[in-house]
Amino acid sequence: MEPLAGPATMVDAHDMGADPRMVDPALPARYLDGLTLSWTDAATYAVAPGVARSLNNMRNIKLTDAISKTTGPWAPGSGAGSLDTGAVGGNTWYYVYLISDLSGNLDVLLSTNGAGAPTLPAGYFVSRRIGAFRTDGGGNIQKFFQRGDVFYLDVLSQVGVTPDTTRTQYNGSTRMAPQMPWLISLAAGKTTGSQRVILTLMTLQTDTAPSATLFTSGMVGAGIPAVSQQIHLPNNGNGGIRGTAAATTAQTLAWGWIDRRGKGGGVGTLPVASFPY
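Residues numbered from 1 in each chain as written. Predicted model: local features only at pLDDT ≥ 70, side-chain atom pairs only at ≥ 80, totals over all residues. Heavy atoms only, no water.

Engineer: Would you explain the pattern of salt bridges in this entry?
Structural biologist: Pairing is possible between side chains that carry opposite charge, provided their charged atoms lie close to one another. Taken as a whole, this structure holds five salt bridges when the rule is applied. For D259, the salt bridge goes to R129, with nearest N and O atoms at 2.7 Å. Placement of D259 in the segment after β19 (249–258) and of R129 in strand β10 (residues 124–134) is noted, with a sequence separation of 130 residues between them. Taking the relative accessible area as the measure of exposure, R129 reaches 0% and is therefore buried. When salt bridges that share partners are traced, they join D149, R260, R261 and K263 into one network. (Salt bridge = Lys/Arg side-chain N within 4 Å of Asp/Glu carboxyl O. Helix = DSSP H or I, 4+ residues; strand = E, 2+ residues; numbered from the N terminus. Buried < 20%, exposed > 50% of the residue type's maximum accessible area, 1.4 Å probe, protein only.)

Engineer: Which parts of the structure should I look at to understand the nonpolar core?
Structural biologist: Soluble globular proteins: nonpolar side chains tend toward being buried together. Counting residues in each nonpolar core, the largest one holds 31 residues, and the members touching the most others are L35, Y45, V47, V96, I130 and F133. Of all elements in the fold, only β3 (44–47), β5 (60–63), β8 (93–101), β9 (106–111), β10 and β12 (150–161) reach the threshold of two or more residues within this core. Looking at which element gives the most residues to this core, the answer is β8, with seven residues. (Core = buried A, V, L, I, M, F, W, Y, C linked by side-chain atoms within 4.5 Å.)

Engineer: I would appreciate a short explanation of the sheet that holds strand β1 (residues 32–34) in the present structure.
Structural biologist: A sheet is described by the order of its strands in space; here three strands give the open sequence β1-β4-β5, paired in antiparallel fashion. Every other strand in the sheet has two partners, leaving β1 and β5 as the edge strands with one partner each. For this sheet, the mean inter-axis angle between neighbouring strands, taken without regard to orientation, is 10°. The pairing of strand β4 (residues 50–53) with β5 spans four bridges and is antiparallel. (Pairing = 2+ DSSP bridges. Axes fitted to C-alpha atoms, helices over the stretch in contact; angles between N-to-C directions.)

Engineer: When you look at the pairing of β9 in this model, what are you seeing that I'm missing?
Structural biologist: Regular strands have side chains that alternate between both faces of the sheet. Counting buried residues along β9, six of its six residues qualify, which places the element largely inside the surrounding structure. Judged by which residues are buried, β9 turns out to be covered on both faces: L106, V108 and L110 on one side and D107, L109 and S111 on the other are all buried. Pairing geometry for β8 and β9, over six bridges, is antiparallel. The partner of V96 across the bridge, within β9, is L110. The antiparallel hairpin formed by β8 and β9 contains four residues in its connecting segment, where G104 sits at a positive phi of about 90°.

Engineer: Before we go on, may I ask you to explain empty space enclosed by the protein in this structure?
Structural biologist: Sizing a probe to match a water molecule and rolling it over the atoms shows the empty space that remains. Scanning the entire structure with this criterion turns up one cavity of 30 Å³ or more. The computed volume of the largest cavity comes to approximately 40 Å³. In this structure, the largest cavity is lined by W93, F133, R134, Q142, K143, F144, L153 and W257. In terms of residue class, the lining of the largest cavity is built from five nonpolar, one polar and two charged. (1 Å grid on protein atoms, 1.4 Å probe; cavity = no way out; pocket = protein on both sides within 12 Å on 5 of 7 lines; lining within 4 Å. Points joined across faces, edges and corners; volume = space filled by probe spheres on them. Nonpolar A, V, L, I, M, F, W, Y, C, P; charged D, E, K, R; others polar.)

Engineer: I tried to follow the side chain of D259 on my own but got confused; where do I start?
Structural biologist: D259 gets classed as buried once you look at its relative accessible area, which sits at 0%. Within polar-contact distance, the side chain of D259 engages the side chain of R129 at 2.7 Å. Within the local environment of D259, its side chain forms a polar contact with the backbone nitrogen of R261, the two atoms lying 2.8 Å apart. (Polar contact = N/O pair within 3.5 Å; in protein donor to acceptor, adjacent residues only side chain to side chain.)

Engineer: What is the right way to read the environment of N113 from this model?
Structural biologist: Among the secondary structure elements, N113 is positioned in the loop between β9 and β10. Considering only alpha carbons, one finds N113 and Y94, 19 residues apart in sequence, at a separation of 7.5 Å. There is a polar contact of 3.2 Å between the side chain of N113 and the backbone oxygen of A117.

Right, dumping it as structure tokens:
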């Protein structure tokens, strides 16, 4: 059924006073389809059409036409700003929300609050987080690509691993989203002998020394790098992982992250430590 109030609106049977013959049925809780983000330039991003259930499970939110927003202060409409409060900052994670007012008019909001509590503009009462991105030191949006629930970095980020026989924290929050699993490659090298590396899933896991039978990446000959690609690795909730390296050189290469955008598991809108993501 077509929306009742314009090209970017939707109501459903949960709306007070709505005629049940003229509304779309309520979508399942946490439902989301489409609504992917795309990088336009250093200060502009776009949201593709799609539909989702609001975080509070009160309303369907359907975007029928793509919308473009900037990192400037929020104002209604495509091409206008989207930041909920203050001015855009450097080296900061921002979370993108689709929002709706009582009449079903939709817009997009940007916030540093990733827990489903952005500062909504006057008249808007429901929202749904649909993605996230990070700014660089100058407040520019770092370029990314989204395919489904996977976000790919345009410029890959190398996170150094300090060789040690005890577990070491590797903080990737400068490029990796807090609370979201990393997608990484692991490379290790040594000029003589063999070496092995362990990356543990969570900081709560027991320290484990690499061995001939227990490692996540290894090499058998001098100077031969070992690469394990496309590892899906949960972080500690702050964009960090832990690992143990028995090597001269070991590096993790972060190339993206998985963001379920509230579709599965956990409380609120962010993925949590327990599966599924």
